[in-house]
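Topology and contacts: notes
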Amino acid sequence: MEDSMKNNEQHNNCPKKDEKNIWMTATIILLTLLLVFFIFIIWLLIKFRKEKAKFKRDNEDLRLSLSAENYVSNKELIKMNKYSDYTVTISHEEHHEELTVTDDGKQVKLIKINPGPEATKWPCALGSKQLARNYTWNVEVGEKGSWALGVTRNEETVKEKKYTPNSKGLDWVLSLSKGKTLEASSGEIMDASQRPRKIRVYLDFKKSMLYFTDIETRSHLHKCNVDTTKPLYPVFSPGSSDKGPLIIIPND
Ligand SMILES: *[C@@H]1O[C@H](CO)[C@@H](O)[C@H](O)[C@H]1NC(C)=O
């Protein structure tokens, strides 16, 4: 009788131990699943927040581009930035004698103001490299009363120091004169009331297009087709009305 009871107890012991193991395994699995679930929820939350921020940014971009038709979208900006390596400089050799260029090639200005009819209205300097691919460069014109910027195929006349930046088919420039008249050598200015202080010039070499953008208001000023079949150079003129420099500046 006693023996059989002992046996029974022993028999009972075995399933109890198994049960304990099963419970432990189940608990571990459950905890692991819970952990994975929590990590998943956290990941989802982070992702959601990122998506929300991106959505907000895109929305803002869209809103601005709809409210102002000349607004440069993020997409366009990213494309332009890709081709900006801050290496466009102003040539120390190829410029008018009335101008001076800094050692780093980033600034050009008039040496002295020559009044009278003999003064060259648009003394110019060439960029130091030929443009044979997409390029972006930024120029600060500040509060200057006159300036001209863009690209030219007319490097011969710059070398001969008798350049005027408006020969049709040879120049694609944006200029300001008398402190108020914004003009383009080919076509319309998108918003002629603007008085830009920082300008971005973007050459899409493949599409033979040149774009001028007001950096501060982030709006297009002018765009035109350029002839990329012959050598093209950046061109800079600080005008002849003041001694303020034109400065090549990096991206913000
Ligand atoms: C220049 O930009 C255009 C896009 O507008 C692109 O198709 C082309 O591949 C770019 N060229 C280079 C050399 O990256």
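Residues numbered from 1 in each chain as written. Predicted model: local features only at pLDDT ≥ 70, side-chain atom pairs only at ≥ 80, totals over all residues.

Named according to an unreviewed UniProt entry, the chain is Butyrophilin subfamily 1 member A1-like originating from Erpetoichthys calabaricus.

Details of the sheet that holds strand β12 (residues 233-237)
Spatially, the 6 strands line up as an open sheet ordered β1-β4-β12-β6-β7-β8, and their pairing is antiparallel. Two strands close off the open sheet at either side, each with one partner strand: β1 (90-95) and β8 (181-184). Strand-to-strand twist of the sheet, defined as the mean angle between neighbouring strand axes without regard to direction, takes the value 20°. Sheet topology places strand β7 (residues 171-177) next to β8; 4 bridges connect them, and they run antiparallel. Among the inter-strand pairings, Leu174 is bridged to a residue of β8, identified as Ala184. (Pairing = 2+ DSSP bridges. Helix = DSSP H or I, 4+ residues; strand = E, 2+ residues; numbered from the N terminus. Axes fitted to C-alpha atoms, helices over the stretch in contact; angles between N-to-C directions.)

Concerning the sheet that holds strand β10 (residues 209-214)
One open sheet accounts for 7 strands, arranged β2-β3-β13-β5-β9-β10-β11; its pairing is antiparallel. One side of each edge strand has no neighbouring strand; the edge strands of this open sheet are β2 (99-101) and β11 (219-225). Strand after strand, the sheet turns through a mean of 20° between neighbouring axes, direction not considered. Alignment of strand β9 (residues 198-204) against β10, held across 6 bridges, turns out to be antiparallel. Within β10, the position partnered with Val201 by the bridge is Phe212.

Here's the deal with the site of the ligand
Around the ligand sit Arg133, Asn134, Asp204, Phe205, Lys206 and Lys207, and that is every residue in its neighbourhood. Among the residues forming the shell around the ligand, the class breakdown is 1 nonpolar, 1 polar and 4 charged. (Near = placed C-beta within 6 Å. Nonpolar A, V, L, I, M, F, W, Y, C, P; charged D, E, K, R; others polar.)

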